[in-house]
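The primary structure of each chain is shown beneath.
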Amino acid sequence: MNYSIIKRNDRIAAIDLGSNNCRLIIVEIVGCNYKIIHMSSELINLGENLVYSNEFTKNKIRKVVEFFQYAAKKINDFKVSKYRFVATEACRQSINSDHLINEIFKKTNLNLEIISPREEARLCIKSCPVNRNDNINFDIIFDIGGGSTEIIFINEFNDFNFFSIPYGVVNLSEKIDVFNKKKVLDNIDYEIAKNTKQIVKKKTNNVIGSCGTVTTLCAVFQKLNSYKKEKVDEYLMSFKDLMLTSKFVQNMSDYEKGKHPCIGIKRKKLLSNGILILEAISKNYEIKKILVSDAGIKEGIIRDMIN
């Protein structure tokens, strides 16, 4: 795709097919920025059962294809000129990802690419407000995804180091079921500590949290009556408050989590898993402040295409 020919008023689209959600964004170019004209998301839970079977079921493939058929209609309706659709950890793990990609193309004529962990980290950086706060430097981003967790170290001149561990909010329960909780959590802590020591980096006090775990905890902390992106995105909070909020959520009953307006039945288990990974991260870094980012890979793709 030739990004250089994107011009004012062009409409471009991105899809992020993750282990949990499939997200579509369509924007219109306005100068060096963009305005969102359509967003949609489907909770497909593509990474479910991969620990056991290592392949997508026919039902999961059908759901993904149906979402891409919906996306194809929106692309046509909004006269989108360019797009980039990517898949991450679930498709990197599954043994029948090629079949999924072929089915999508056969039914929609749309291309889906499986990106590497490094490309995922690069797009995550693109999406985050790394240089949008003049008073505070943020040099670590963490992204707790559905099938993996990325910890990204921002260096000078837009360079970065990162590592990825194959634990996320979707597959954590399955790995605990197979190996037991203590072994899995100890291994997460070990992987984070080992990989961090291998990356030469000064200590950090300020990080960016770019994941549903952090955005949900931020919404709970603010006592919002419903999740509001504009109240959460780029919200600066102390890391102590974030962890106190996570303890508050852990002490809630399943019923209370299901009824909470910012958690709900579908996300309560995912949030509980995300908190366990967040706790492992907190043990390895001395963090004072966290900037919450509601943007994701799809926004990173859009910014990458523009810039």
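Note: the structure precedes this text.
Summary of the structure given here. Predicted model, so just to flag it, every value in this text is computed and none were measured.

Conventions adopted
- Residues numbered from 1 in each chain as written.
- Predicted model: local features only at pLDDT ≥ 70, side-chain atom pairs only at ≥ 80, totals over all residues.
- Heavy atoms only, no water.
- Helix = DSSP H or I, 4+ residues; strand = E, 2+ residues; numbered from the N terminus.
- Contact = heavy atoms within 4.5 Å.
- Salt bridge = Lys/Arg side-chain N within 4 Å of Asp/Glu carboxyl O.
- Buried < 20%, exposed > 50% of the residue type's maximum accessible area, 1.4 Å probe, protein only.
- Pairing = 2+ DSSP bridges.
- Axes fitted to C-alpha atoms, helices over the stretch in contact; angles between N-to-C directions.
- Polar contact = N/O pair within 3.5 Å; in protein donor to acceptor, adjacent residues only side chain to side chain.
- Phe/Tyr/Trp six-rings, centres within 6.5 Å; stacked < 30°, edge-to-face > 60°.
- Lys NZ or Arg CZ within 6 Å of the ring centre and 35° of its normal.
- Core = buried A, V, L, I, M, F, W, Y, C linked by side-chain atoms within 4.5 Å.

**As for the overall build of the protein**
Summing up its helical and strand segments, the protein has 13 helices and 11 strands in all. Taken along its principal axes, the extent of the C-alpha atoms in the protein is 45 × 45 × 40 Å. A sequence separation of at least 24 residues applies to 72% of the contacts in the protein between residues at least 6 apart.

**Some points on the pattern of salt bridges**
Applying the stated criterion across every chain yields a total of 19 salt bridges. A salt bridge links R92 to E89; the nearest nitrogen and oxygen atoms lie 2.8 Å apart. Residue R92 and its partner E89 are located together in helix 3 (residues 89–93), separated by 3 residues, close to a single helical turn. For E89, a relative accessible area of 11% puts it in the buried group. Close ionic contact of R122 with D304 constitutes a salt bridge, the shortest N to O distance being 2.8 Å. With a gap of 182 residues between them, R122 in helix 5 (residues 117–127) and D304 in helix 13 (residues 297–306) connect regions that are remote in the sequence. For D304, a relative accessible area of 12% puts it in the buried group.

**With respect to the environment of K194**
Inspection of the secondary structure assignment puts K194 in helix 7 (residues 181–198). For K194, a relative accessible area of 30% corresponds to the partly exposed category. For the pair formed by K194 and K60, sequence separation is 134 residues and the distance between their alpha carbons is 35 Å.

**Describing the pairing of strand 7 (residues 149–154)**
Burial analysis of strand 7 places 6 of its 6 residues in the buried class, the great majority of the element. Two elements, strand 6 (residues 140–144) and strand 7, share 5 bridges in a ladder whose sense is antiparallel. Within strand 7, the residue paired with I141 across the bridge is I152. Once strand 6 ends, the chain turns through 4 residues before running back antiparallel as strand 7. Sheet analysis places strand 7 next to strand 8 (residues 160–165), joined by 6 bridges and oriented antiparallel. In the sheet register, F153 faces strand 8, and the bridge partner there is N161.

**Re the sheet that holds strand 11 (residues 289–292)**
The strand order across the open sheet formed by 6 strands is 8-7-6-9-11-10, and the pairing between neighbours is mixed. Strand pairing shows two members of the sheet lacking a second neighbour, strand 8 and strand 10 (236–238), which therefore form its edges. Averaged over all pairs of adjacent strands, the angle between strand axes in this sheet comes to 25°, irrespective of strand direction. Sheet topology places strand 6 next to strand 9 (residues 206–209); 3 bridges connect them, and they run parallel. Looking at the pairing, I141 lines up with I208 of strand 9. Against the sheet, helix 5 makes contact with strand 6, strand 7 and strand 8, and its axis sits at roughly 120° relative to strand 8, the strand it touches most. Set on the sheet, helix 8 (residues 212–221) makes contact with strand 6, strand 9, strand 10 and strand 11; between it and strand 11 the angle comes to about 100°.

**Side note on the side chain of D16**
Within the secondary structure, D16 sits in strand 1 (residues 11–17). For D16, a relative accessible area of 8% corresponds to the buried category. The residues touching D16, leaving out its near neighbours within four places in the chain, are N21, C22, R23, V86, T88, I297 and K298.

**Quick word on the side chain of N195**
Its place among the elements puts N195 in helix 7. For N195, the side chain forms a polar contact with the main-chain oxygen of E191, separated by 2.7 Å.

**Looking at the packing of aromatic side chains**
Here the structure, examined in full by the defined rule, presents 6 aromatic pairs. The positively charged end of R118 is found above the aromatic ring belonging to F160, 4.3 Å away from the centroid. Here K175 stacks its cationic end above the ring of Y167, 4.6 Å away from the centre of that ring.

**Concerning the nonpolar core**
If you look at the biggest cluster of nonpolar residues, it comprises 45 residues, and the most contacted ones within it are F142, I151, I188, I192 and Y285. The element that contributes the greatest number of residues to this core is helix 12 (residues 268–284), accounting for 8 residues. Among residues more than four places away in sequence, those in contact with I151 are I140, I141, F142, N161, F162, F163, I192, I281 and Y285.

Without other data, these values stay purely geometric and don't point to any function.
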